[in-house]
Amino acid sequence: MTEAILLVGGKGTRLRPLTVHTPKPMVRAAGVPFLTHQLARARAAGVEHIVLATSYLAEVFEPCFGDGASLGLHIEYVTEEEPLGTGGAIRNVASRLHSGPDDPVLIFNGDILTGLDIRRLVHTHESTGADVSLHLTKVTDPRAYGLVPTDETGRVLAFLEKPQTPEEIVTDQINAGAYVFRRSVIDTIPAGRPVSVERETFPDLLSAGAHLQGMVDSTYWLDLGTPAAFVRGSADLVLGRAPSPAVPGRCGDRLILPTASVAPDAKLTGGTVVGEGAFVAEGARVFGSTILPGAVIEPGAVITDSLIGTRARVGERSVLTGTVIGDGAVVGPDNELREGARVWCDARIPAGAVRFSSDR
């Protein structure tokens, strides 16, 4: 059908400490690196050749996916020496594309979980003769996003920065981070410098009279830029709310990976994932959370909407809600951590050191 560029170079600073040792697209969601879900969905839509535009911790990707044969893909890797932005990254990998000048090239960001109908987006692009086609989604509160108004045929009229006043909210349609470019348009992006497609490429194309087509697809869509969103996305994959052919097991209330150990009376619900070699002890309760490989949840701990890093440990009777525990960190017994708490990699919290409730 087409070939694709996958933009996976971001540092994922909003996701730290998850991204201290792991690039954002490689953090595990529903038991596998998140990027696996994107690659599998692209392959299911007929894509055969994908170029990964890497930068931060670029050395991590190829050992995991190799040439892509295990996924039925041909994968190539291009690493930016300096961060180039979305447009610059697209231009930087152009030489690896095999498409002809008028062929469609699919481009998507490495941090969006979506149920987008990829084939429909490509069909829209080809049937309208567009130079670039954009996946648009509707959101309840568009203030945090760039707005993309369209006419009755779906043709893009403007790109508006995040609205500051109610009068500036002229549409609830936002750029959802997946595009189809006519191959020749990619060559018009300036080479060798940072370029933003949102702030430079798309507005410049529009000003030059190019045809930019929007396609609204309001199926599942989630930007995984924050820890809370990432945890939610993983749970939604396990629960089957977000579609992916790469979930390593049947969708349901929980996903326990091979070599994980869970005590018979531990309660796992809400799309919880327990990674390889992890251990959940007796009496523990885990809801909607991700337990990464090698982590230990001790007896009686209660974990809700949280992510426990690789080889981390949560002590007996500790209560974690909306919390991220970095790789190798230890939360001692009888601690309470609430929404937004982030414990850095290899940190140590002594027993009973952090509390919100009164002494018992």
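Counting restarts for each chain, with residues numbered from 1 along the sequence as it is written. Local features in this predicted model are restricted to residues of pLDDT 70 or higher, and side-chain atom pairs are both shown and tallied only at a pLDDT of 80 or more, whereas totals for entire chains, interfaces and linings draw on every residue. The side-chain values count all of the structure's non-hydrogen atoms but skip hydrogen atoms and water molecules.

Grouping buried Ala, Val, Leu, Ile, Met, Phe, Trp, Tyr and Cys residues that are joined through side-chain atoms within 4.5 Å yields what is termed a nonpolar core. Buried, partly exposed and exposed residues are distinguished by accessible area as a fraction of the type maximum, computed with a 1.4 Å probe on protein chains only: under 20%, between the cut-offs, and over 50%, respectively. By size, the foremost hydrophobic cluster in this structure holds 29 residues, and its most contacted members are I5, I107, L134, F181, I186, F202 and L212. Every element with two or more residues in this core is listed here: β1 (3-7), β4 (49-54), α3 (85-92), β6 (104-109), β8 (132-138), β9 (173-182), α5 (183-186) and α6 (197-207). Discounting chain neighbours no more than four positions away, the residues touching I5 are V51, I90, V93, L97, V105, L106, I107, F108 and I186. Formed by 25 residues, the second largest nonpolar core is a distinct cluster that contains L52, L106, L121 and M215. Where helices and strands are cited, they refer to DSSP runs of H or I of at least four residues and of E of at least two residues respectively, numbered from the N terminus. Two residues form a contact once any of their heavy atoms are found within 4.5 Å.

Take empty space enclosed by the protein next. Leftover empty space is mapped by rolling, across the atoms, a probe with the size of a water molecule. Whether a set of points on the 1 Å grid over the protein atoms alone is a cavity depends on a 1.4 Å probe fitting there but being unable to get out, while an open set qualifies as a pocket with protein on both sides within 12 Å along at least five of seven lines; lining residues are those with an atom within 4 Å of a point. Grid points are joined across faces, edges and corners, and a volume is the space filled by probe spheres set on the points. Following the criterion strictly, the structure yields two cavities of 30 Å³ or more and no others. Space inside the largest cavity adds up to approximately 170 Å³. Lining the largest cavity are 17 residues, with Q38, R41, F108, I112 and T114 sitting closest to its centre. Broken down by secondary-structure element, the contributors of at least two residues to the lining of the largest cavity are α1 (34-44), β6, β7 (112-114) and β9. Here the lining of the largest cavity takes five residues from α1, the largest share from any one element. Each residue is assigned to one of three groups, with Ala, Val, Leu, Ile, Met, Phe, Trp, Tyr, Cys and Pro labelled nonpolar, Asp, Glu, Lys and Arg labelled charged, and all others, Gly among them, labelled polar. Residues that form the lining of the largest cavity fall into these classes: ten nonpolar, six polar and one charged. Of the pockets and cavities examined, the second largest cavity occupies roughly 40 Å³.

Feature annotation in UniProt places "domain: Mannose-1-phosphate guanyltransferase C-terminal" (unreviewed entry) on residues 252-333, given in this structure's numbering. The straight-line gap between the two end C-alpha atoms of residues 252-333 is 30 Å; of that span, 0% is helix and 41% is strand. UniProt positions are given in the numbering used here, feature names are shortened, and annotations may be inferred rather than shown by experiment.

Note that domain bounds follow an automatic or database assignment of domains. Taken domain by domain, the protein chain consists of domain 1 (2-223) and domain 2 (253-349). Once you take the C-alpha centre of each, domain 1 and domain 2 turn out to be 33 Å apart. Between domain 1 and domain 2, the residue contacts involve eleven residues of the former and 15 residues of the latter. Here the quantity called buried area is the total loss of accessible area, with a 1.4 Å probe, experienced by two parts when brought into contact, counted for both. For the domain 1 and domain 2 pair, buried surface summed over both sides reaches about 1,000 Å², with 67% attributable to carbon and sulfur atoms. Among the residues domain 1 hides against domain 2, the three largest losses belong to P17, L18 and R28. Together they make up 51% of the total. Put simply, a salt bridge is a Lys or Arg side-chain nitrogen that is within 4 Å of an Asp or Glu carboxyl oxygen. Run the count over domain 1 and domain 2 and you get one salt bridge.

The next thing to look at is the sheet that holds strand β5 (residues 74-79). At least two bridges found by DSSP between two strands are what make those strands a pair. With mixed pairing, the seven strands of this open sheet are ordered in space as β5-β4-β1-β6-β9-β8-β10. Lying at the two open borders of the sheet, with one neighbouring strand each, are β5 and β10 (212-216). Shown here is a sheet whose adjacent strand axes are inclined to one another by a mean of 25°, direction ignored. Relative to β4, β1 is paired through five bridges, and the arrangement is parallel. In this description, a line fitted to the C-alpha atoms serves as the axis of each element, helices being fitted only across the stretch in contact, and the angle between N-to-C directions of two axes falls anywhere from 0 to 180 degrees.

Next up on the list: the packing of aromatic side chains. Any pair of Phe, Tyr and Trp rings, taking the six-membered ring for Trp, is counted once the centres come within 6.5 Å. Such a pair is stacked with planes under 30 degrees apart, edge-to-face with planes over 60 apart, and tilted for the rest. This model, assessed by the stated rule, comprises six aromatic pairs. Taking the centre distance of 6.4 Å and the plane angle of 80° together, the rings of Y179 and F181 count as edge-to-face. By relative accessible area, F181 is classed as buried at 0%. Ring centres of Y179 and F202 lie 5.1 Å apart, and the angle between their planes is 70°; this geometry places the pair in the edge-to-face category. In this pair, Y179 sits in strand β9 while F202 sits in helix α6, placing the two residues 23 residues apart along the sequence. Side by side, Y179 and F202 carry an identical accessibility label, which is buried. Clustering of aromatic rings is evident, with ring pairs tying together F159, Y179, F181 and F202.

Let us now look at the side chain of E336. The topology assignment puts E336 in strand β26 (residues 336-337). Among the polar contacts made by the side chain of E336, one reaches the side chain of R355 at a distance of 3.2 Å. Under the rule applied, a polar contact is a pair of N or O atoms within 3.5 Å (in protein, one hydrogen donor and one hydrogen acceptor; residues adjacent in sequence only if both atoms are side-chain atoms).

Our next topic: the pattern of salt bridges. The final tally for this structure, using the stated rule, is 15 salt bridges. Among the ionic pairs, R28 bridges to E276, the shortest N-O distance being 3.2 Å. Note that R28 is positioned in strand β2 (residues 28-29) and E276 in the loop between β15 (272-274) and β16 (279-280), a separation of 248 residues in sequence. By relative accessible area, which is 27% here, R28 ends up partly exposed. Classification of E276 as partly exposed rests on a relative accessible area of 28%. We note a salt bridge from D217 to R120, for which the minimum N-O separation is 3.8 Å. One end of the pair, D217, is in the loop between β10 and β11 (221-223); the other, R120, is in helix α4 (residues 118-128), with 97 residues separating them in the sequence. Salt bridges here are not isolated pairs; linked through shared partners, they connect D102, D131 and R182.

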